[in-house]
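Working through the structure, step by step
The chain contents come next:
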There are 4 protein chains.
Amino acid sequence: MSVGIDLTNRDAYDFWHREQIRFSDTDMLGHVNNVAYVAIIESGRVAFARSGLLGPLTKKFVFVMARIEIDYRAEVHYPADILVGTCLISIGRSSIVLGTGVFTSSFCAATSLTTLVQIDTETRRATPIGENLRVVMEALLPAAPRAQT
Amino acid sequence: MSVGIDLTNRDAYDFWHREQIRFSDTDMLGHVNNVAYVAIIESGRVAFARSGLLGPLTKKFVFVMARIEIDYRAEVHYPADILVGTCLISIGRSSIVLGTGVFTSSFCAATSLTTLVQIDTETRRATPIGENLRVVMEALLPAAPRAQT
Amino acid sequence: MSVGIDLTNRDAYDFWHREQIRFSDTDMLGHVNNVAYVAIIESGRVAFARSGLLGPLTKKFVFVMARIEIDYRAEVHYPADILVGTCLISIGRSSIVLGTGVFTSSFCAATSLTTLVQIDTETRRATPIGENLRVVMEALLPAAPRAQT
Amino acid sequence: MSVGIDLTNRDAYDFWHREQIRFSDTDMLGHVNNVAYVAIIESGRVAFARSGLLGPLTKKFVFVMARIEIDYRAEVHYPADILVGTCLISIGRSSIVLGTGVFTSSFCAATSLTTLVQIDTETRRATPIGENLRVVMEALLPAAPRAQT
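The following refers to the structure shown. These figures come from a predicted structure and were not determined experimentally.

Quick look at the overall build of chain A now. Within chain A one finds two helices and five strands. When the helices and strands of chain A are placed in sequence order, the string is β-α-β-β-β-β-α. For chain A, the C-alpha radius of gyration of 16 Å lies close to 15 Å, the compact-globule estimate for 149 residues. Considering chain A as a whole, with its 149 residues, one finds that 54% of them fall into the buried category.

We now examine the interface of chain D and chain A. Taken residue by residue, the interface counts 18 residues in chain D and 18 residues in chain A. Overall, the association of chain D and chain A removes approximately 1500 Å² of surface from exposure, summing both partners, and the carbon and sulfur fraction of that is 46%. Ranking the residues of chain D by area buried against chain A places Gln20, Arg22 and Tyr78 of chain D at the top, with a combined share of 39%. Between the two partners, chain D and chain A, sit four salt bridges. When the shortest N-O distance is used, the salt bridge between Glu19 of chain D and Arg22 of chain A registers 3.0 Å. Our count for the contact surface shared by chain D and chain A stands at six residue pairs in polar contact (both at pLDDT 80 or more). For the side of chain D that touches chain A, the elements supplying multiple residues, two or more each, are strand E1 (15-20) and helix H1 (34-53) of chain D. Of all the elements, H1 of chain D adds the most residues to the side of chain D that touches chain A, at seven residues. Residues that form the side of chain D that touches chain A fall into these classes: eight nonpolar, four polar and six charged.

Overlay of chain D on chain A (RMSD 0.0 Å): rotation 180 degrees, translation along the axis 0.0 Å. Those values place the two copies in the arrangement expected of a two-fold rotation axis. Comparing interface residues between copies, 100% of those in chain D also lie at the interface in chain A; the contact surface is shared.

Attention now moves to the packing of aromatic side chains. Here the structure, examined in full by the defined rule, presents 24 aromatic pairs over all chains. Their ring planes at 75 degrees and their centres at 5.0 Å tell us that Tyr37 of chain C and Tyr72 of chain C sit as a pair that is edge-to-face. Of this pair, Tyr37 of chain C sits in helix H1 (residues 34-53) while Tyr72 of chain C sits in strand E2 (residues 61-72), and the two are 35 residues apart along the sequence. The residues Tyr37 of chain C and Tyr72 of chain C share a single accessibility class, namely buried. A ring pair is formed by Phe23 of chain D and Tyr78 of chain D, whose centres lie 5.4 Å apart and whose planes are at 90 degrees; its orientation type is edge-to-face. Remark: Tyr78 of chain D occurs in the loop between strand E2 (61-72) and strand E3 (81-91) and Phe23 of chain D occurs in the loop between E1 and H1; sequence separation between them is 55 residues. Comparing Phe23 of chain D with Tyr78 of chain D shows no difference in burial state: the two are buried. Grouping aromatic residues by their ring pairs yields a cluster made of Tyr13, Trp16 and Phe103 of chain A.

This part takes up the sheet that holds strand E5 (residues 108-120) of chain B. Ordered in space as E1(B)-E3(B)-E4(B)-E5(B)-E2(B)-E2(D)-E5(D)-E4(D)-E3(D)-E1(D), the 10 strands form an open sheet in which the pairing is antiparallel. Two strands close off the open sheet at either side, each with one partner strand: strand E1 (15-20) of chain B together with E1 of chain D. The mean inter-strand angle of the sheet, taken between neighbouring strand axes irrespective of direction, is 25 degrees. Direction of pairing for E2 of chain D relative to strand E5 (residues 108-120) of chain D: antiparallel, over a ladder of 11 bridges. Directly across from Met65 of chain D, in E5 of chain D, lies its bridge partner Leu116 of chain D. Across the sheet, helix H1 (residues 34-53) of chain B touches E1, strand E2 (61-72), strand E3 (81-91), strand E4 (95-103) and E5 of chain B together with E2 of chain D, and the angle it forms with E1 of chain B is around 140 degrees. Packing against the sheet, helix H2 (residues 131-138) of chain D makes contact with E2, E3, strand E4 (95-103) and E5 of chain D, and its axis sits at approximately 125 degrees to E3 of chain D.

Moving on, we get to the pairing of strand E4 (residues 95-103) of chain A. Residue and element names in this part refer to chain A. Most of E4 sits out of view: eight of its nine residues are buried. Between strand E3 (residues 81-91) and the antiparallel strand that follows it, E4, lie three residues. For E4 and strand E5 (residues 108-120), the ladder comprises nine bridges, and the chain directions are antiparallel. In the sheet register, Val97 faces E5, and the bridge partner there is Thr115. Two successive antiparallel strands, E4 and E5, enclose a turn made up of four residues.

Moving on to the relation of the copies chain A and chain C. Of the two same-sequence chains, chain A is brought onto chain C (RMSD 0.0 Å, axial shift 0.0 Å) by a rotation of 180 degrees. Comparing interface residues between copies, 100% of those in chain A also lie at the interface in chain C; the contact surface is shared.

Residue and element names in this part refer to chain D. For H1, which comprises 20 residues, the first-to-last C-alpha distance of 27 Å matches the rise-based estimate of 28 Å (1.5 Å per residue) to within 8%. Summarising burial for H1: 16 of the 20 residues are buried, a large majority. Taking the backbone nitrogen of Val35 as reference, a side-chain oxygen 2.9 Å away marks Asn33 as the first, capping residue of H1.

What follows deals with the packing of H1 of chain B against H1 of chain D. Relative orientation and spacing of two packed helices are given, respectively, by the angle between their axes and the distance between those axes. The N-to-C vectors of H1 of chain B and H1 of chain D enclose an angle of 165 degrees; their axes lie 9 Å apart at closest approach. Our classification of the angle between H1 of chain B and H1 of chain D gives roughly antiparallel. The two elements H1 of chain B and H1 of chain D meet at a crossing, and its hand is right-handed. Contact residues: H1 of chain B offers Asn34, Val35, Val38, Ala39, Glu42 and Arg45 of chain B, while H1 of chain D offers Asn34, Val35, Val38, Ala39, Glu42 and Arg45 of chain D. Taken together, the residues of the contact of H1 of chain B with H1 of chain D break down into six nonpolar, two polar and four charged.

On to the interface of chain A and chain C. With 17 residues of chain A at the interface, the matching set in chain C holds 18 residues. For the chain A and chain C pair, buried surface summed over both sides reaches about 1600 Å², with 44% attributable to carbon and sulfur atoms. Taken as a group, Val35, Arg67 and Tyr72 of chain A account for 29% of the area that chain A buries against chain C, more than any other trio of residues on that side. Remark: the boundary between chain A and chain C carries six salt bridges. Of the charged contacts, one joins Glu69 of chain C and Arg67 of chain A as a salt bridge, the two residues approaching to 2.9 Å between their closest N and O atoms. Here chain A and chain C share 14 residue pairs in polar contact (both at pLDDT 80 or more) between them. For the side of chain A that touches chain C, the elements supplying multiple residues, two or more each, are helix H1 (34-53) and strand E2 (61-72) of chain A. Looking at which element gives the most residues to the side of chain A that touches chain C, the answer is E2 of chain A, with eight residues.

So, how was this worked out
- Residues numbered from 1 in each chain as written.
- Chains lettered and ligands numbered in written order.
- Predicted model: local features only at pLDDT ≥ 70, side-chain atom pairs only at ≥ 80, totals over all residues.
- Heavy atoms only, no water.
- Helix = DSSP H or I, 4+ residues; strand = E, 2+ residues; numbered from the N terminus.
- Rg over C-alpha atoms; globule rule 2.2 N^0.38 Å.
- Buried < 20%, exposed > 50% of the residue type's maximum accessible area, 1.4 Å probe, protein only.
- Contact = heavy atoms within 4.5 Å.
- Buried area = accessible area lost by both parts, 1.4 Å probe.
- Salt bridge = Lys/Arg side-chain N within 4 Å of Asp/Glu carboxyl O.
- Polar contact = N/O pair within 3.5 Å; in protein donor to acceptor, adjacent residues only side chain to side chain.
- Nonpolar A, V, L, I, M, F, W, Y, C, P; charged D, E, K, R; others polar.
- Least-squares fit on C-alpha atoms with pLDDT ≥ 70 in both.
- Phe/Tyr/Trp six-rings, centres within 6.5 Å; stacked < 30°, edge-to-face > 60°.
- Pairing = 2+ DSSP bridges.
- Axes fitted to C-alpha atoms, helices over the stretch in contact; angles between N-to-C directions.
- Expected span 1.5 Å × (residues − 1).
- Parallel < 35°, antiparallel > 145°, perpendicular 65-115°, else oblique.
- Left-handed = near helix turned anticlockwise from the far one by under 90°.

Shown next as structure tokens:
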């Protein structure tokens, strides 16, 4: 998926989440295992959603994960403090795409695109995003003017 | 805690659960990380509970983990097939102790004792084990004659 | 990335690896967390590589992970036995693409494409795949006749 | 193992390490899975060792994990910031015992005792702790006057 935004650039993100690399995140190759990146990307994504940036959480509709793409750009070694940036990339009929950047203090370790689909928790079916939520989310799109943080 | 049973001996166990070591279970020391042992011990323990050996699962009372002791006896290297043995060690007023052995094809990698407490899911308080369940569980104690499996 | 092969079809795979869902693979949504899928996909991939299907492992050149795409197709609930199929999709100058399917006994839970790059372990730079290895790998491509397993 | 120190009291610790609960640390019971506690306890322990409090790290001798005991004292729910306190409890001939407390902002979630054995990395055998290291470590014992931090 090609998006018109450089996810390796910290300027792409207004929302940040701090994470610690754990010793158990490493593997026998001596670096942080690729699976740990996914846990960290999820941590940033859930923090983004919970911050209200995806609108009020309701019991009736939830966003579930449909797809993830991750580009591994640099090895990370233990120990490391990590900053995860998350941003909204696009809004579809019933789905959205989020962008993520995983950064150490000195470099971008990975970038990711995640597609989330809104489902009705009763029918478990994809459900169009309502107008109210769409308006909230559109204000977060890269082209739109952003609120100060 | 001292128990009168050798948990490194495969004969201590009638209930077995098979697990695979995953590449992400390793750490930068080149062996299986100690955290993965705990996930595997839990897998065996939950399989034991779900098999009905702890009596019928009800919504009203559940066993929650209060304490674990693990003796790490040998390093495990990737890849490895694991067999986890689980047995009932003792029954208290509202708690039980389970024993676990983690085995590769050739050696015992770890043993563990876990204390589980029965709580009432509404009050979240420790609750005495009922007579019916106690009878079911007493038949599993090491001294008692065991059912064929 | 579009590949001319249906990764949700078990026939796409000659190489299979068995995995167990662990209780700790679940999350507070009640199903298997998306991070666990990645650990399982890696388990299958490493087993495929270690089986010799990617040629003899040497100390001088190794394949490192550059990119992964995962399509989450169905929720998995604990407990579950998993079969992971892995196949070679394409061979580039210094990289390869592997396909993965994660299956329960009754459905395909996820499919994945992983791009691995061969690097020189001293320079840490991408290095062209040698002719001998290329010949070994070409025999594994979907279009080519496959060896019996 | 009984130690004359209250591990649920924050005053027991001079060394602190910060951790974040990740979404993938939760399990289908809706709380943080017990396995995640062990990863967090290890994170604190390794940070303690790497800070030089266990003396200079050498290639010839390393401390390996022999035993862990964990008392689970309270459920933790996502999200949570965690502070892990680690302290030295006792020094044996070739082993040491560390104490750990896992704290949220408002309560103690777990305490732990870990026994580490010093081994010779060539022979893989337990090796007595040298006098220089012993002196460094004795200054950390609870009864001894502590260095300012």
